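This is what each chain is made of:
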Amino acid sequence: MPTTPLANRPHDHSHCVHSALAEADALCVRQGLRLTALRRRVLELVWQSHKPLGAYDILAVLSEQDGRRAAPPTVYRALDFLLENSLVHRIASLNAFIGCSHPEHAHQGQFLICRECHVALELEQASISDAIVASAKNVGFSVETQTVEVVGLCASCRSA
Ligand SMILES: [Zn+2]
Ligand SMILES: [Zn+2]
Ligand SMILES: [Zn+2]
């Protein structure tokens, strides 16, 4: 039996959010980066679930819940900062962002995206990125970034 990932199980998600923010704080201190209040809040919003969140959703929550009218460019810049520092990944097929659960080391994003509930599970298989780099090299292509997005049905939607 495959193990059901946390994202597919009922769990106390506040733990996920708390540890993601704590890791982000630690990472920024180590690397001398400034995790401003807005950057931290945007990261918290991206982490509000295990489903990728679009920039417009983030903007909407910021103005509804925080009553702060954040200008879209400010939010985009905050997202860029989070992307550059591997705290979030961008899911191109959904035009949305998802929190990274292991930002402490460089890696390429590989995601299993459920077409039903939109939960995105991050895989971390160096062999996949290595295979892509090797295949690209065979055709003289130098890989800079790669995000692998795999669409299907997650464990909880399959059993529903
Ligand atoms: Zn969670
Ligand atoms: Zn990641
Ligand atoms: Zn699902």
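Conventions used here
- Residues numbered from 1 in each chain as written.
- Chains lettered and ligands numbered in written order.
- Predicted model: local features only at pLDDT ≥ 70, side-chain atom pairs only at ≥ 80, totals over all residues.
- Heavy atoms only, no water.
- UniProt positions renumbered as here; feature names shortened; annotations may be inferred.
- Core = buried A, V, L, I, M, F, W, Y, C linked by side-chain atoms within 4.5 Å.
- Buried < 20%, exposed > 50% of the residue type's maximum accessible area, 1.4 Å probe, protein only.
- Helix = DSSP H or I, 4+ residues; strand = E, 2+ residues; numbered from the N terminus.
- Pairing = 2+ DSSP bridges.
- Axes fitted to C-alpha atoms, helices over the stretch in contact; angles between N-to-C directions.
- Contact = heavy atoms within 4.5 Å.

If you check an unreviewed UniProt entry, the protein appears there as Transcriptional repressor from Pseudomonas laurentiana. The protein has a UniProt comment under Sequence similarities (unreviewed entry) that states "Belongs to the Fur family."

In this section: the nonpolar core. By size, the foremost hydrophobic cluster in this structure holds 29 residues, and its most contacted members are Val42, Leu43, Ile58, Leu62, Leu79 and Leu82. The set of elements that each furnish at least two residues to this core consists of helix 1 (13-31), helix 2 (37-46), helix 3 (55-65) and helix 4 (72-84). Residue contributions to this core peak at seven residues, all from helix 1.

Each strand in a sheet pairs with another by means of backbone hydrogen bonds, the pair being arranged parallel or else antiparallel. With mixed pairing, the three strands of this open sheet are ordered in space as 4-3-5. For this open sheet the edge positions go to strand 4 (120-123) and strand 5 (147-152), each flanked by a neighbour on one side alone. Strand-to-strand twist of the sheet, defined as the mean angle between neighbouring strand axes without regard to direction, takes the value 25 degrees. Two elements, strand 3 (residues 109-114) and strand 5, share six bridges in a ladder whose sense is parallel. Within the sheet, the bridge partner assigned to Phe111 lies in strand 5 and is Glu149.

Here we take up the UniProt feature "binding site: Zn(2+)" (unreviewed entry) in the protein. According to UniProt, the positions carrying the feature "binding site: Zn(2+)" (unreviewed entry) are Cys114, Cys117, Cys154 and Cys157. Annotated residues spanning 44 residues; largest pairwise C-alpha distance 8.1 Å, indicating a single compact cluster. Along the chain, Cys114 falls in strand 3. Under the relative-accessibility criterion, Cys114 is labelled buried at 2%. Not counting chain neighbours up to four residues away, the residues in contact with Cys114 comprise Val119, Gly152, Leu153, Cys154 and Cys157. In this structure, Cys117 sits in the loop between strand 3 and strand 4. Ignoring sequence-local partners within four residues, the contact set of Cys117 consists of Lys51, Cys154 and Cys157.

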